[in-house]
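Coordinates in review
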Amino acid sequence: MKPTECLSRNTGAVADSLAAMIKRELTTLSLSHEGYLNPSDPNIITADDRTKLVDWCYSVVDHCQHSRETVASAMGMVDQFLSMPSNSVDAAR
């Protein structure tokens, strides 16, 4: 049996895991911070830059025949990391 089959049979555990992840995100990220995709600051990554990066990542995983979920997970981590005020461009100045 695959691990995903086990999870899909236990919807209560999946719901608990998702609730815990959402709670952690809400307590980790500063809700007052605009994030790193602030269109008013041309010195940081734009939404267009991020889209190009995601497209490139998808082409790499497609070429290597890896799961596209890898890109989604990786970009989620990048977004979370760059959205933290201590990792922003302003903090580095």
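Being a predicted model, the structure only gives us computed values, none of them experimental. (Residues numbered from 1 in each chain as written. Predicted model: local features only at pLDDT ≥ 70, side-chain atom pairs only at ≥ 80, totals over all residues. Heavy atoms only, no water.)

**Description of the nonpolar core**
Counting residues in hydrophobic clusters, the biggest one holds five residues: Val54, Cys57, Val61, Val71 and Met75. Looking at this core, the elements with two or more residues in it are helix H3 (47–63) and helix H4 (69–83). No other element matches H3, which puts three residues into this core. (Core = buried A, V, L, I, M, F, W, Y, C linked by side-chain atoms within 4.5 Å. Buried < 20%, exposed > 50% of the residue type's maximum accessible area, 1.4 Å probe, protein only. Helix = DSSP H or I, 4+ residues; strand = E, 2+ residues; numbered from the N terminus.)

**Section: the packing of aromatic side chains**
Within this structure, the stated rule accounts for zero aromatic pairs. For the cation-ring pair, Arg68 lies above Tyr58, with the distance from its terminal atom to the ring centre recorded as 4.2 Å. (Phe/Tyr/Trp six-rings, centres within 6.5 Å; stacked < 30°, edge-to-face > 60°. Lys NZ or Arg CZ within 6 Å of the ring centre and 35° of its normal.)

**A short note on unusual backbone geometry**
One non-glycine residue, Gln65, lies in positive phi territory at about 60 degrees. For Gln65, the position within the fold is in the loop between H3 and H4. The exposure class assigned to Gln65 is exposed, which follows from its relative accessible area of 74%.

**Comments concerning the packing of H3 against H4**
At a minimum axis distance of 10 Å, the contact between H3 and H4 shows a crossing angle of 150 degrees. With respect to H4, the element H3 is oriented roughly antiparallel. For H3 against H4, the interelement crossing comes out right-handed. For the pair formed by H3 and H4, the contact residues are Arg50, Leu53, Val54, Cys57, Tyr58 and Val61 on the first element and Val71, Met75 and Asp79 on the second. Taken together, the residues that form the contact of H3 with H4 break down as seven nonpolar, no polar and two charged. (Axes fitted to C-alpha atoms, helices over the stretch in contact; angles between N-to-C directions. Parallel < 35°, antiparallel > 145°, perpendicular 65-115°, else oblique. Left-handed = near helix turned anticlockwise from the far one by under 90°. Contact = heavy atoms within 4.5 Å. Nonpolar A, V, L, I, M, F, W, Y, C, P; charged D, E, K, R; others polar.)

**With respect to H3**
Since one α-helical turn is 3.6 residues long, residues separated by three or four positions face the same way. Taking 1.5 Å as the rise per residue, H3 with 17 residues should run 24 Å; its terminal C-alpha atoms sit 24 Å apart, in good agreement. Here H3 has its buried residues at Val54, Cys57 and Val61. Looking straight down H3, one finds that the buried residues subtend no more than 60 degrees of arc, so they occupy a single side. H3 presents Lys52, Trp56 and His63 as exposed residues on the side facing more than 90 degrees away from its buried surface. Tucked into the core, H3 has its buried residues touching H4. Following H3 by one or two positions, Gln65 has its phi on the positive side, about 60 degrees. (Expected span 1.5 Å × (residues − 1). Arc of directions from axis to C-beta.)

**Thoughts on the confidence of the model for the protein**
Looking at the protein as a whole, its pLDDT mean stands at 75, while 65% of the residues score no less than 70. H3 holds the highest mean pLDDT among the elements of the protein, 91, whereas helix H5 (residues 89–92) holds the lowest, 52. (pLDDT = per-residue confidence, 0-100.)

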